[in-house]
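# Overview (structure and organization)
Below are the chains, spelled out letter by letter.
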Amino acid sequence: EGDKRKWLAEVSLINPKIVETSEATDVEDEACLSFPDIQGKVRRHKWIKIEALNVLGNPIKKKYTGWTARVFQHEYDHLEGTVFVDRLDDAEDVETVKPILAQLAKTFKEQTGDVGAPELKF
């Protein structure tokens, strides 16, 4: 959970898969280190069940709720090639971030010469 005092409670998950989700969802602001100074409202499941392997290769199952479920879904999206801006729930947020993302992509291309900067999904 990110608490330095609870390091023994930390868990490593190998090849995690979300196997069940709540029907209930909520919308909260999210941000990401990949997109500086951008935030927006994202809809997420209130709880999820996951299956994975632990560091010894043994199968494990967990259920996450609340904030931990939201963070897991956010990080799991990265594994699936999705980022939080792809999941923005509010049309106003989408319109706000479009020019910021376009500028980030332009700057990336200028600084790296890489014309393969990701295209925006919206």
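See the structure shown above.
Before going into details, it helps to say that this report is about the structure given with it. (Residues numbered from 1 in each chain as written. Predicted model: local features only at pLDDT ≥ 70, side-chain atom pairs only at ≥ 80, totals over all residues. Heavy atoms only, no water.)

Once that is clear, we can look at the pattern of salt bridges. A side chain with one charge can pair with a side chain of the opposite charge if their charged atoms come near. Counted according to the given criterion, the structure contains 10 salt bridges. Taking the shortest distance from any N to any O, the salt bridge between Arg87 and Asp77 comes out at 2.5 Å. In this pair, Arg87 is assigned in the loop between helix 1 (66–79) and helix 2 (91–112) and Asp77 in helix 1, connecting sequence segments 10 residues apart. Residue Lys106 pairs with Glu110 through a salt bridge whose shortest N-O separation is 3.7 Å. Note that Lys106 and Glu110 are positioned in helix 2 at a spacing of 4 residues, about one turn of the helix. Given the relative accessible area of 46%, Lys106 is considered partly exposed. (Salt bridge = Lys/Arg side-chain N within 4 Å of Asp/Glu carboxyl O. Helix = DSSP H or I, 4+ residues; strand = E, 2+ residues; numbered from the N terminus. Buried < 20%, exposed > 50% of the residue type's maximum accessible area, 1.4 Å probe, protein only.)

Moving on to the pairing of strand 3 (residues 35–45). Alignment of strand 2 (residues 25–32) against strand 3, held across 8 bridges, turns out to be antiparallel. For Thr25, the partnering residue across the bridge sits in strand 3 and is His45. Between strand 2 and strand 3, which pair antiparallel one after the other, the connecting turn spans 2 residues. (Pairing = 2+ DSSP bridges.)

What follows is about the packing of aromatic side chains. Inspection of every chain in the model, using the stated rule, returns 3 aromatic pairs. Aromatic pair Phe35 and Phe84: ring centres 6.1 Å apart, planes at 70 degrees, arrangement edge-to-face. Here the residue Phe35 occupies a position in strand 3, and Phe84 occupies one in the loop between helix 1 and helix 2, the gap between them amounting to 49 residues. Across this residue pair, the class does not change: Phe35 and Phe84 are buried. With centroids separated by 5.5 Å and ring planes inclined at 25 degrees, the aromatic side chains of Tyr64 and Phe72 adopt a geometry described as stacked. One exposure class covers both Tyr64 and Phe72, and it is buried. Each member of the aromatic cluster is reached from another via a ring pair, and the members are Tyr64, Phe72 and Tyr76. (Phe/Tyr/Trp six-rings, centres within 6.5 Å; stacked < 30°, edge-to-face > 60°.)

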